[in-house]
Structure formats: C-alpha cells, structure tokens
Amino acid sequence: MNTTLTLAARNLMRYRRRTLLTALLITLGVVALLLFVAAAGSFKQTMVGSITDSMLGHLQVHRKGYTASMDNLPLTMSLQPRAVGLIEDALKADPAVAAYSKRVKLGAMFSNFEQNSSIRLNGIDAAAEDAAVPALRQRISAGDKTGPLVERGKVLVPALLAKGMNVKVGDAVVLVATNAQGSVNGQTFTVGGILEGITGPGGRDGYIDIQDARELLRMDKEEVMEVAVRLKSIDALPDVSARLREVLDTTIRNKEDKPATELHTWADLSPFANIVKMIDMMTFFIRIMLVAIVLVSVMNVMLMAVYERIREIGTLAAIGTQPRKLMAIFLSEGLLLGLAGALAGVALSYAVVAALNVWPVVFAFGREQITLHPTLAAAEVLGVLVLAVLVSGLASLQPAWRAARMNPIDALRHV
Amino acid sequence: MKFFKFVALSALCAPLLAFAVDGTAILKQLDRNLEPESYESYRKLINIEPNGNKKEFVLYSIKKGKDQTASLFLQPSSDKGRSTLRQGDNMWMYLPSVGKPMRITSLQSVTGGVFNNADIMRLDYAVEYEVESAEESDQHYTLHLKARTGEVAYDKLKMTVDKKLVLPIDIEAYASSGMLLKTLHFKDIKDFGGGIKRPATIETDSPLYKGYKSVMLYSGLKKRDFADEVFTQGFMPRLEELRK
Amino acid sequence: MALIHADNITKNYRMGDQQVAALKGVTFDIGEGAFAAFVGPSGSGKSTLLNLIGCLDHPSSGTLQVAGVDVASLSRNAAATFRGEHLGFVFQDFNLVPVLSAYENIEYPLLMVRGWSEAKRREQVNKLIDAVGMTEQANKRPDQLSGGQKQRVAVARALVGQPKLVLADEPTANLDHDTAYKVLNLMKSMRDELGTSFIFSTHDPKIMNEAEQTFTLEDGRIAGGQS
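Since we're looking at a predicted model, the values are computed, not measured. (Residues numbered from 1 in each chain as written. Chains lettered and ligands numbered in written order. Predicted model: local features only at pLDDT ≥ 70, side-chain atom pairs only at ≥ 80, totals over all residues.)

## Observations regarding the interface of chain A and chain B
Taken residue by residue, the interface counts 16 residues in chain A and 15 residues in chain B. Among the secondary structure elements, those contributing two or more residues to the side of chain A that touches chain B are strand E6 (172-178) and strand E7 (184-195) of chain A. It is E7(A) that contributes the most residues to the side of chain A that touches chain B, five residues altogether. Among the residues making up the side of chain A that touches chain B, the classes are represented as four nonpolar, 10 polar and two charged. (Contact = placed C-beta atoms within 7 Å. Helix = DSSP H or I, 4+ residues; strand = E, 2+ residues; numbered from the N terminus. Nonpolar A, V, L, I, M, F, W, Y, C, P; charged D, E, K, R; others polar.)

Here's what the structure looks like:
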C-alpha cells in the first residue's frame, strides 16, 4: 500500500502544474463551501439566538386559534386560569424545560398627551420573563439595564416609537386599551426604559407588568394569552415540543373534546425560519457544486493520466501486476489528488475563519447590527474531507478500471 | 319668426331661472333644522357587530358657536366620566384614571364601531363644507359638498335632502380618491320641543367595515348657552356639573 | 522436460473484417538455460510467438507448455500470477517506470507482484543491480540514464524475481552497436550465472549470431530447425 501511495504521489508530481491546478480548483471549492457554512452558521445562530433568547423563547403555548389572529392581538382567545395551571404543571414536570413566562398580550393607544400612536404590549412577570428570554434585557438601550425588566406603573417602550413620539426615560405617557367588552380604560405610566427593536413579529412590542395589563383590560380572572418557554438546550426542541404537545393535547381539552391549546416552536412563529431553510438549501447546492468540481476535475486528470501511461500500464501488466493492483495504483492517485486539494482547502478555511475572528465582519440586517463569529465544526470539516475524497475516488473509478482491463499486448503497442 | 320663438322661450324660462337652487342657503337652513347653534343633547350609540353582538354607550353632548363641542360618557359604568372635547380641528380625550386630557384625532373612534370622533362631535356642515353644486327634483334637493380644509374628516359629501322639511335623508361620505367611506341614514322625525323637529335616528354603515352597523339615537335635544370656559381642557373633568 | 514445449500452435487475428493467420502451426521445444533467438522479418510472427510464450495471449489452437504448465488456458489473473513467478520481460523501449529510480524499478516486481519482505528485497535487488553494474546509478531516474544503462536496469528487473525464462522482444533495437553487444553479453552471463533461459527476437543478423539457438520464422511457420 505504501508503494502504491508513493507511486501515486510521484506520478502526481510528475506533471506538477497540472496537479497543482486541479488541486487548486478542489481547494477553492472546499474553501467556498466551508466559508459559506461557517458564515451562514454564524448568521443563523446569531439570529436564531437573538429571536429565541430575546423575544420568542424556544416554544410558545396559546389557546387554540390564537395564532391565526395573532396580528390582531385578540382579547377573546386567552387561556383560562385552569388551562394555565395545567400548562404550568406540564412544563414543571418536563426536565428539559428551563423556564417559562406567562404573557398578557394587548394592543393599546400610546399617548404622550400631544400625539398618540398604537403600541403592541406584553404584560409580563419581570422575573419569569427574564428567565425565559434572558437576552431581552440586552435590548434595553436606555433606562435601568440591570434591575427588573418592568415594574408596576412603568413601561418599556420600543425605540422606534419612543423616537417617533419623542419620549425618553422618566416621561409620563398614557396607555389606553379597549377591553373584550368594548370599554375603554387608560392609565398613566412612566417610561422605564427604551427597547431596541428586533426583526420578526413581536420585535416592536412594549412591555408592562402583567398586573398593570390585567388592570388596564379590566381582567378579573388571571387569564394569559401566551406562555413562552425556554429549554435547557435548543437541540432538544424537536423532541420536547412533540412531547409537550402530546401532554397538552391530552390534558387540556375543550367542550367538543378536542385539544384546546396549540404549541408552536419559534420556527413556526417567526418568518426567519424560512430564511434558515433558504440558507440550508443554499448550503446544499454549494455542496453539490463542490461535488461537481471535484468529480469533473479529478476524472479529467485521471483520464489523461491513464492515456499517457498506456504503455507503462502494459509493461506493469506484462511483468505480472494483477489487474486489481493496477486499479489501486490509479485509484490512489485520484484519491490523493482529492485529499491534497481538500486538505489545503480545509487549512485555508481555518486560516480565513481565524482571520475573521480577529477582524470581524459586521453588517446590518434589518435594523440590527450583526457581527459574524464564524466557526468550523469538526464534524462539518470532516464531512467535507470525506466527501471530497469519496468523490475523487468515484471520479477515478472509471479511468482506473480501464487501466486494469487493458490488454497488455495492445497497451505495449501503443505509442 | 325665429326671433319670436326665442323671446317666447326665454319668457317661459325666466321664472325658472329666478327660482335657481341656492345650495348654500339650503345647507345653512339644514344645519339649523338639525340643531340650534348652541345646544345640549342626550344620545345613545349602539355598535352592532356582524355576529349580532351589541355595544352601547350613552353620551351627553354640548355645543357652542361654530366649532366648540364636548361629550361626556354616561354609560356603560366602565366608561363613566370619560369625556371628549373638540375645539375647531383639535380633539382631546379625558379619562378619569389618567387625570389629564390626551390629544386624539377625528378619524379615530372613542367608541369603536363605524362612527368616528368626527361623526360624534359634529360641527355644522356649512362650517366644514362648501356647496359645489345643487340639484332639485320633485321631492329632494341633492347637494354636493366639498371639504373646506384638509383637516375635515371627509373630502366630499353627497346629501339627499327632503325638500319640504329641509332635513337630510341620506349622506354619502367620500374620500378624495372617490372611495365611499360611509353612508349615514336619517330616520324617525321626532319633535324634541322648543321648535326642534328632526330625525331621531342616524344609522351608518361602511364598505370598509362589512357587516358592522352603528346607530345613533337622540333622546333629548335642547337649546342652551354655555360659558366659554366650559370648552377647555381644564373643564373636561367637570362636564358632569352641566347636567344639574 | 523441456522448459517450453510448443505443438502445432496457430494464432489468428481479426484485423477489421480480415482474418489474419499470424502463426500457422509452430512446433518446437526449448530447454532450460537456453539462449535462443527468434529471427525473421516483420510480420513473420515472431512477436506473436513471443507473446504466446509470455502468456500475454492464447494460441488459437495447439498445445503450449511453459515450465510444465499448460498456459493455453490460463485466465487473465492466473496468467498474471504465472508471469510474475516464472517469466521476465525486456522490451525494445526499455519501459521503465519514469517516476521510480533504477533501484525501485528493479525492486518493483518483488514489491508489487511477489510481495517479498523488505530485507529479502534489499538483498536481491542489490545483488542484481550489482550484477548488471548499475550500483552507482541506483538512485537515478530513467530520464537520467543512457539507453544502455536503462536496458541493463530492465534486465535486472526481468531477473529479480528469479524467473525460469526471460523474453526479450528486440531488446537491442534502440541501442547502438557496442551497447547492444554489451547488453547481450550481460544477458548471456546472467544465463550462465543464474541458469535462466533467454529468448529474444531480432532481425539484426549480427545479433542473431550471439544466439546459441536460432528459430527462423517465415510467414507464420518455423523454417529450418535448431542450430
């Protein structure tokens, strides 16, 4: 085997420029794929993290039918206290759940006495919300960033609204809401903080204390519109959501004995999930392109190599080399070529990724600034290496087979 | 011979020309027939949803002069004490729980439903609109009104007026694009005393709120004078005093 | 028992739509330690015969035994094994592997065909590289060697596996006269030392004379007999 590899290496080096060029092509393909995966991965992770850690949580539970009208912030489709209790029981019982937060969601009129605008509000329990979406407080751009998210009588105002209505921390504002019965209630609030926006639904919501929200809506029962759940690890999401959905569907049922709640993962609720799908699809296509590059370039080189060495092949066959040995010689050559190009590509990718972590690339997405922190997962790199080598082998298969099948006499006669 | 025909025709037309429709005069009279310039009124507003649900409000409203009006919510109890004030183009809302009036706009609605603030706190039509053209038929006048300024809620109105009573039957309200925003139907002529005889019911519907209907029912309408201070932001919490 | 026993061998080829009879019935025996030449003009069938003896092809009819083995019916893989164990080849164009050194070229059969251990290989290769006088050039690549040197390496390669028989198709055709003689003498002395039979084909009369046995082929048959 050692000799076969030595032969392969030496034969590759015999036509140095051709080998280098082909290897370079493979290197570039590998680099393109790995860098894209690293950058896209970083982007996805940042965005998903931002969405799940500072706004949506990993999954949410609503009363059945709520999400269909979610944009209108309906007040008539809330979870009743009994259902809320059962949901809490289910969440507490599941070891994968790290925290959860109950939210009263409403639309209101936001007035600074001179002008008014509409605002989407979440009534929250500050401590629970902090545990369920720990990155929310990082979005606070003005006001108390270390204390509780909200307090009674205070409101976290979205930055865009604060700017448009010209309010700052400490200002008095009025929140006026129409409740389910159609009656209007208003309260003065103090601006407790300004909240930076984030892409996606819910990204421009304001936050008040849940008791204030209930008072504003004249809610006499402890109803809840939404329960946001945080898991200990986002990787457990598919399993946990299936599990919880099962539990909730069986324990909380309505008069027609059908499930009365609905459970959605963040991906179900955020349009960003589609962007994630698109990115994954693009990765897939780039991978295919890499396969094509490796396949074509290696096959091309190996076909030429076999043709150039027809007489040599005849000689080796004549002096007793078994056909499978001949095949191995050429197969190794192709594999080595692919491996060399891929390894160079991997090394170059690591170098570029390291450079990108020293001089980070920052770009704007929507109204946010995203800094890329690309990383290369060992599994991904290994996968690409294996892919490159496999495809090189595949590409060399036919030329090597032809070499093995050659008739020595005809081969020896060849010019 | 031709000349004679001309003279004869002109002579016949003359009486008609002398009686050409004066739209502005009709509008002014319509305004006064609906309400005295300064008055107080009691109204019930009913908002009807497509599924049959009803929401009702009872309002006490006052008006002074050309462009000052205020309303006080009497019912439901959850809204008691809420008041609105209009001075010219400016509107405010006062909530007892808030304690200080907030500015609102005429196209919003403090009650929800198809009526908006401009409908509830209405000024004289002649103050906000001018007559572009007027037509006459057997039973009706048809007036085409155009908003005097950009702040007026509706760009154009088409009024069908009862010729004999000089009271509106129908008003169609249009946006500047020509889109129909809502239609107001005036019904049930009633004598409110003090020489005021006018429709007690106004129904409205809108192609923009399919299935929704709102109804305004007048139960009291009386001429009354007020001091100027009544129509200020400071007086809004005290409007109840006027009912004594 | 003769090393090579051929009985009425024929070989037919198809060239386009023509059937060509390259050998029309050849019978002979060659013993061990022979130094024989097949002579004849091009197209006489000498290369064909060499190929048949070298187990690179099958006769169309007739019996052919090499080293006691009926080689007429060997499968492709079996033929390769047989060649690896019992035969050596020397070519007109030397046919050394360009990327291997002289030493490695000689070593090749032991390594890639016979699978000998490192120590055994080293001993044998050094012995032969010495025998052909190429010790100084052991690490040179073929493109750094002269024609004569290359052929000497080729001879060493042919002999390294201790074959019974070495087949050389026009081994001196690309060498100048002096070098040709040198190579031939080398082959003869190898035969003397190791007892390996050599059969070479040639159309050069001067080279012919070096042979101890001559088979003249004419139009697919052997003319005359052993000399």
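## Some remarks on helix H4 (residues 118-131) of chain C
All names here are of chain C. An ideal rise of 1.5 Å per residue puts 20 Å on 14 residues; H4 measures up with 20 Å between its terminal C-alpha atoms. For H4, every residue scored as buried is listed here: Gln-124, Val-125, Leu-128 and Ile-129. Down the axis of H4, the smallest arc covering the buried residues is 130 degrees, so these residues share one side. H4 presents Ala-119, Glu-123, Lys-127 and Asp-130 as exposed residues on the side facing more than 90 degrees away from its buried surface. Next to the buried residues of H4 lie helix H3 (102-114) and helix H5 (147-159). Positioned one or two residues after H4, Gly-133 has a phi angle of 70 degrees, which is positive. (Expected span 1.5 Å × (residues − 1). Buried ≥ 20, exposed ≤ 12 C-beta atoms within 10 Å, placed from the backbone. Arc of directions from axis to C-beta.)

## Description of the sheet that holds strand E5 (residues 69-70) of chain C
Residues and elements named next belong to chain C. Sheet architecture is open: four strands sit in the order E2-E1-E4-E5, paired in antiparallel fashion. In this open sheet, the two edge strands, each paired with only one partner strand, are strand E2 (18-30) and E5. Pairing analysis gives two bridges linking strand E4 (residues 61-66) to E5, with the strands arranged antiparallel. Bridging across to E5, Val-66 finds its partner in Val-69. (Pairing = 2+ DSSP bridges.)

## A word on the sheet that holds strand E9 (residues 213-218) of chain C
All names here are of chain C. Spatially, E6-E7-E8-E3-E9-E10 is the arrangement adopted by the six strands of the open sheet, whose pairing is mixed. The open sheet has two edge strands with one neighbour each: strand E6 (87-90) and strand E10 (221-223). Averaged over all adjacent pairs, the angle separating strand axes in this sheet is 25 degrees, with direction ignored. When strand E3 (residues 35-39) meets E9, the two strands line up parallel, connected through four bridges. Note that in E9 the partner of Ala-37 across the bridge is Thr-214. (Axes fitted to C-alpha atoms, helices over the stretch in contact; angles between N-to-C directions.)

Everything listed here is a matter of coordinates, which is why it stays silent on function.
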